[in-house]
There are 2 protein chains.
Amino acid sequence: MLTLNLDNIDVARLGPDQGLRWKDELRAHAEQLERAAAELESRRSDPQSFLGWMDVISDSQLTASVKELAGRVSPAIDDLVVLGIGGSSLGGLTVVTALQHPYHQLLRSRPAPRVHFVDNVDGDVLLGLMEVLDPARTAINVISKSGTTTETMSAYLLFKDWLSRALGDAYRSHVVATTDPVHGILRPLSSKEGFATLPVPANIGGRYSVLCPVGLFPAAVAGVDIDALLAGAREAQASFGAKAAENPVLQAALVHLLYAKRGKNICVFMPYSTRLRYLSDWFAQLWAESLGKEVDRLGSVVHSGTTPVKALGTTDQHSQVQLYREGPLDKLTVFVRVEKEGRPAPIPNAEPDQPDMNYLAGRRMQELMNAELAATAHALAEARRPSYTMHLPAIDARALGYILQFLMLQTAVVGEVLGIDTFNQPGVELGKVLTYALMGRPGYETQLAELRQAGVKP
Amino acid sequence: MLTLNLDNIDVARLGPDQGLRWKDELRAHAEQLERAAAELESRRSDPQSFLGWMDVISDSQLTASVKELAGRVSPAIDDLVVLGIGGSSLGGLTVVTALQHPYHQLLRSRPAPRVHFVDNVDGDVLLGLMEVLDPARTAINVISKSGTTTETMSAYLLFKDWLSRALGDAYRSHVVATTDPVHGILRPLSSKEGFATLPVPANIGGRYSVLCPVGLFPAAVAGVDIDALLAGAREAQASFGAKAAENPVLQAALVHLLYAKRGKNICVFMPYSTRLRYLSDWFAQLWAESLGKEVDRLGSVVHSGTTPVKALGTTDQHSQVQLYREGPLDKLTVFVRVEKEGRPAPIPNAEPDQPDMNYLAGRRMQELMNAELAATAHALAEARRPSYTMHLPAIDARALGYILQFLMLQTAVVGEVLGIDTFNQPGVELGKVLTYALMGRPGYETQLAELRQAGVKP
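Moving on, we get to the overall build of chain A. Helices and strands together make up the secondary structure of chain A, namely 17 helices and 10 strands. Whereas a compact globule of 458 residues would reach a radius of gyration of roughly 23 Å, chain A reaches 23 Å, a difference of no more than 12%. Its C-alpha atoms give chain A principal-axis dimensions of roughly 70 × 65 × 40 Å. Within chain A, the fraction of its 458 residues that count as buried is 65%. Partitioning the intrachain contacts of chain A with sequence separation of at least 6 by distance along the chain shows that 76% fall at a separation of at least 24. When the accessible surface of chain A is totalled, it reaches about 15400 Å², and 51% of it is carbon and sulfur.

The following block contains the structure:
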C-alpha cells in the first residue's frame with residue numbers, strides 16, 4: 001500500500017560529513033526500534049496511555065454510530081460548519097480536502113453537503129460565513145474534548161445565537177457535539193439542550209483523533225467512505241508488528257532520529273498533490289506537538305523535536321527549493337508521491353508550432369508531476385541534502401487511512417525512542433492561562449498560581 | 001501605518017546565553033544598515049539591478065493600463081483563472097484573499113468575478129475546475145515572464161484547448177497574457193493570437209512582482225482598490241530613507257541578522273488573521289528564494305538563509321506553539337497583529353449559565369484574537385524565545401500595500417548586509433533541467449552540459 005524510497009538517504013551521495021550508512025544504521029538500531037514498537041504495543045490497552053488511536057480504527061460499533069448520525073443529518077442540510085481548532089479540525093479538513101471533488105463547494109449539483117472548518121477566532125470569517133449560509137439548512141458540529149477551548153466556545157456562542165435567532169427552539173436539532181463521553185462541560189450542556197452527540201474516546205488526544213468521531217463525522221457527512229478509510233488504517237496497524245528490516249514505519253522513524261542527531265533540526269513534508277495539501281498541516285501538528293518537549297520522562301532537559309515545514313509540490317519548487325538546495329544543510333525532506341491520478345489529464349497539443357510547449361503534448365499531468373518530484377529529489381541529493389519518498393498508489397480513502405495511521409505510528413516510535421511523553425502538551429498551558437487572564441475568566445488566578453508553583457514564571 | 005513592538009527581543013528577558021542587547025546592537029549596526037539602504041538606493045535606477053519594484057509602485061501609466069484592461073474584462077466574465085506558479089501566483093493570491101469577502105466565492109450575488117489561482121500541475125484540480133466554469137464567462141490570465149515555465153505552460157495548453165473547443169476562435173478574447181515586454185515566447189505568441197497583454201517589467205523578478213501587473217491585474221479584477229494598495233506601498237518606500245533609529249524596516253532586518261548569527265536558523269511568520277494566511281506563503285517565498293544562497297557575491301561558500309515557517313494565529317497555537325515554546329531554541333517568531341477587525345463581532349451571552357463560557361460575552365472576537373497573540377508572545381519570551389510584532393491598523397488595501405513593500409525592503413536589506421545576490425535563484429536550475437530531461441524537452445542535453453561545466457553534477 002505504502003512503500004518507501006530511501007535512495008537519497010544513503011551516505012554514498014551524502015558524503016562523509018553526514019556519516020550515515022543506511023544499511024549499517026538500520027542493522028545497528030533494529031533492536032532499539034523493535035523494542036520501542038513492543039513497548040507501545042504493551043501499553044496499548046492501558047486506559048491512561050493515550051494509545052486508543054491504535055484500537056479505535058477497529059471499533060465497528062462506534063463507526064456505525066458515526067455513519068448513522070451522518071446519514072440522518074446529511075439529507076437535512078446543505079452545509080456543515082465544524083467548530084474546532086488544532087486536532088479537532090485538521091484531521092477532518094485533511095480527509096475532506098483529499099477525497100471530495102476539489103471544487104465541491106462550487107459544483108452546481110452537489111452529491112454531499114459542503115463542510116466548512118472554522119478554526120480561528122476571526123470575526124470577519126465567522127460573520128462572512130453566516131452570510132452565505134441558510135440557517136434552516138445548516139448544522140454545526142462543535143468539537144472539544146473538555147468544552148473549555150476558548151476559540152471553539154466563542155465560535156459556538158456566535159453560531160448558537162445565530163441559529164436560535166433564525167430557528168427558535170428548533171436550533172437544537174442543528175447541533176452535533178463531539179466531546180468527552182463523561183467529563184467536561186459540553187456533555188452535560190448537550191444533555192440539557194438535547195444535542196446529538198458523539199464521543200471523543202477518553203484514551204485519544206486531539207492530534208491522534210482523525211480516525212475517531214472527531215474526523216470521521218465531518219468526513220462521513222462529506223460523503224467519504226469511512227469504512228475504506230478505516231480499513232486502510234488497520235492495514236498500516238497490522239504491518240506494524242514486522243521486524244525493522246521489513247517495517248517501513250520503523251525505517252522512516254529511524255531516518256528522522258538519525259538526521260536529528262546530525263543537526264538537521266528541520267523536517268520538510270512535501271506531498272506532490274494539491275489534494276494532499278492539508279496532510280502537511282495535519283502532519284505538522286502531529287509532529288510538533290508530539291515531539292517538541294522541554295524535558296524527557298526522567299525530567300532531563302532535552303528541548304527535543306525537529307521543526308516540521310509544510311510544503312507542496314510542485315508549487316513550492318518555485319518558492320522554497322532554492323533555499324532547500326543552496327541554504328544551510330539543516331533539512332531532511334519527506335516527499336509524498338502519488339502513482340495514479342484521480343482522472344487522467346493528457347496535455348493537448350494546443351500549440352503545435354511552439355517547440356517550447358509541444359514536447360509536453362500527449363504526456364499526462366501526473367507524469368509531469370512525478371518527473372518534477374524525481375528531479376527535485378535528485379537535485380537535492382546532488383547537493384548532499386537527504387530526502388526520502390513515500391509512494392502511495394492513489395489518493396483514495398484506503399490509501400489515505402493507511403498514511404494517516406502510518407504517520408501516527410511513526411511519530412509515536414520517534415517519541416518512544418527519544419524517551420519523551422509523546423502525548424502531552426504542557427507548553428501551551430501558560431499561553432492559555434494568560435489569555436484567560438486578559439479576558440477575565442473566573443479562576444485564572446488559581447491557574448496562574450499553579451503554573452508558578454510548577455516553576456513557570458508568568 | 002506599521003509599527004514594530006520589539007519588547008520581546010531584548011536581552012533582559014532572553015538571558016545571557018543569547019547575548020543580545022537590542023539598543024546597543026542597533027547603535028552598533030546603524031551605520032552598516034544605513035549603508036546597505038544607501039547601496040540599494042544607488043543601484044535602483046540600474047536596469048540590471050532587479051530593483052524595479054521600488055519604482056513600479058509610482059508608475060501611474062502602467063497602473064492605468066491594468067485598470068483599463070480589468071475594467072474591460074471584468075463585466076464579461078464570472079471567473080478569472082490565473083495560471084502562474086511561485087511569484088506569478090502568490091502575490092495576487094495574497095492580495096485577493098486578504099481584501100475580498102472571505103466567502104466571496106459562495107456569495108449569491110457577487111460584486112466582482114471569482115478569481116482562481118492554479119499553481120500546480122494537478123490534473124484532478126485542473127479538470128475539476130473546468131467542471132464548475134462556464135467557458136463563455138471565463139477568462140484566463142497566463143503569467144510567465146519567459147513563457148517557458150513548464151507548470152504554467154502545461155496548464156495553459158489544457159485551458160486553451162478547453163476554451164477553443166467551447167468557443168471556437170472567440171477564445172482569443174478570453175486570454176490575458178502577463179509576460180516580458182520584449183523577450184520570451186509568450187510575447188510573440190500573444191501578438192500572433194491577438195491576446196490582450198500586460199508587461200512584467202524587465203527589472204522585476206517573480207517574488208518582487210506583487211505590485212506590478214502580475215499581482216495587480218488579478219487584484220483589480222477581484223475588485224481591489226489598487227490605487228490604495230500602491231499608495232500604501234509608496235508610504236513604506238518613502239519612509240525607507242530614515243536613519244536606523246527611526247527606521248522600522250532597518251530595525252526588523254537587524255533583528256533577523258542578529259538572531260541568524262546566534263544560531264536561530266528558523267524564522268516563524270505568524271499573522272493573527274485568517275485573511276492574511278497567504279501573506280505567510282508570499283513572505284516564505286520572498287525570504288527563502290532571496291536569502292537561501294550557496295555563495296556570496298565574492299564566491300565564498302556561505303549557505304545563507306534562515307528557513308521561513310508559515311504559521312497562523314490563533315490556529316497554530318493548537319498545533320505549533322508547543323514546539324516553539326519547549327523545543328530547540330532555534331527560532332525567531334514574527335507576529336502580525338491587526339488592531340481593527342473588518343466588522344466587529346461581539347460575542348453573545350448565549351450560555352448565561354455556563355461560567356466557562358459567559359466570561360466571553362460582550363467582548364469582541366478581535367479582542368480575544370489579540371489577547372491570544374499577546375499571551376503567546378509573552379509565553380515564548382518567558383521561555384527565552386525571541387519574537388517581535390508588526391502592528392497593522394486594519395486589513396485594508398493601504399495597510400496591505402504598506403506591509404508588502406515593507407517586507408520586500410526588509411528582505412533586500414538583509415541580503416545586502418549578507419553580501420549575497422538577493423535577486424537570483426540558481427538553485428532551481430538543475431531540478432528544472434532534470435524535469436526537461438525526463439519529459440524529453442528538446443535541447444535539454446545542452447542545458448545539462450552547461451550546468452555540468454558550471455560545476456553541478458547531475
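Moving on from the model shown.
Turning to unusual backbone geometry, a few remarks are in order. With an omega of -5°, the peptide bond between Gly313 of chain A and Thr314 of chain A qualifies as cis. Here Phe50 of chain A, not a glycine, exhibits a phi torsion of approximately 60°, which is positive. Under the relative-accessibility criterion, Phe50 of chain A is labelled partly exposed at 30%. Its identity as a non-glycine residue notwithstanding, His303 of chain B has a phi of 45°, on the positive side. Mapped onto the secondary structure, His303 of chain B falls in the loop between helix H11 (277-291) and strand S8 (307-310).

It is worth spelling out the domain arrangement of chain A at this point. Residue and element names in this part refer to chain A. Per the domain assignment, the segments making up chain A are domain 1 (3-41 + 241-418), domain 2 (52-229) and domain 3 (428-458). A separation of 31 Å is found between the C-alpha centroids of domain 1 and domain 2. Taken together, the contact pairs 26 residues of domain 1 with 21 residues of domain 2. Together domain 1 and domain 2 conceal approximately 2100 Å² of surface at their shared face, both sides included; 68% is due to carbon and sulfur atoms. The largest share of the area that domain 1 buries against domain 2 comes from Arg275, Tyr278 and Met408, three residues that together contribute 25% of it. Linking domain 1 to domain 2 there are 1 salt bridge. Glu289 is paired through a salt bridge with Arg207; the nearest N and O atoms lie 3.1 Å apart.

Rotating chain B by 180° and moving it 0.0 Å along the rotation axis overlays it on chain A with an RMSD of 0.0 Å. Taken together, the rotation and translation describe the operation of a two-fold axis. Among all residues of chain B, the minimum C-alpha distance to the rotation axis is found for Val309 of chain B, at 3.0 Å. Both copies present the same face, since 100% of the interface residues in chain B are matched by interface residues at the equivalent positions in chain A.

Tallying the contact residues gives 130 residues for chain B and 130 residues for chain A. Between chain B and chain A the total buried area reaches about 11500 Å² when both faces are included, carbon and sulfur atoms providing 60% of it. Taken together, chain B and chain A are joined by 12 salt bridges. Its salt-bridge partner being Asp353 of chain B, residue Lys192 of chain A comes within 4.0 Å of it at the nearest N-O pair. Connecting chain B to chain A are 53 residue pairs in polar contact (both at pLDDT 80 or more). In terms of residue count, helix H14 (residues 365-382) of chain B provides more of the side of chain B that touches chain A than any other element does, 11 residues in total. Classifying every residue of the side of chain B that touches chain A by side-chain character gives 57 nonpolar, 40 polar and 33 charged.

Right, let's talk about the pattern of salt bridges for a bit. Tallying each qualifying case throughout the model produces 65 salt bridges over all chains. Note that Arg343 of chain B is salt-bridged to Glu131 of chain A, the shortest N-O span being 2.7 Å. Taken together, the residues Arg343 of chain B in the loop between strand S9 (331-340) and helix H13 (355-358) and Glu131 of chain A in helix H5 (residues 123-132) connect one chain to another. With a closest N to O distance of 3.8 Å, Glu416 of chain B and Arg297 of chain B form a salt bridge. A residue pair is termed long-range when its members are at least 10 positions apart, and Glu416 of chain B in helix H15 (residues 397-418) and Arg297 of chain B in the loop between H11 and S8 qualify at 119 residues.

The rules behind each value
- What you see as residue numbers is a count from 1 along each chain, following the sequence as written.
- Ligands are numbered from 1 and chains lettered from A, in the order in which they are written.
- A pLDDT threshold of at least 70 governs which residues receive local features in this predicted model, and a stricter bar of 80 or more applies before side-chain atom pairs are shown or counted, although totals over entire chains, interfaces and linings include all residues.
- The side-chain figures draw on all heavy atoms in the structure; neither hydrogens nor water molecules are used.
- Under the scheme used here, helices are H or I runs from DSSP no shorter than 4 residues and strands are E runs no shorter than 2 residues, and both carry numbers assigned from the N terminus.
- Each radius of gyration is computed over the set of C-alpha atoms, and the globule rule expresses the reference value as 2.2 Å times the number of residues to the power 0.38.
- Burial classes: relative accessible area under 20% of the type maximum marks a residue as buried, over 50% as exposed, and values in between as partly exposed (1.4 Å probe, protein chains only).
- What makes two residues a contact is simply this: any of their non-hydrogen atoms within 4.5 Å.
- Here, Shrake-Rupley sampling with a 1.4 Å probe gives the accessible areas, and only protein chains in the shown set may cover a residue.
- An automatic or database domain assignment is the source of the domain bounds shown.
- Here the buried area means the combined drop in accessible surface, using a 1.4 Å probe, for two parts upon being joined, counting both sides.
- Salt-bridge detection follows one rule: a side-chain nitrogen of Lys or Arg within 4 Å of a carboxyl oxygen of Asp or Glu.
- Here the copies are matched by least squares. The fit uses the C-alpha atoms of residues with pLDDT of at least 70 in both.
- As used in this structure description, the phrase polar contact means that two N or O atoms lie within 3.5 Å; if the pair is within protein, one of them must be able to donate a hydrogen and the other to accept it, and residues adjacent in sequence are counted only when both atoms belong to side chains.
- Classification convention: Asp, Glu, Lys, Arg as charged; Ala, Val, Leu, Ile, Met, Phe, Trp, Tyr, Cys, Pro as nonpolar; all other residues, Gly among them, as polar.

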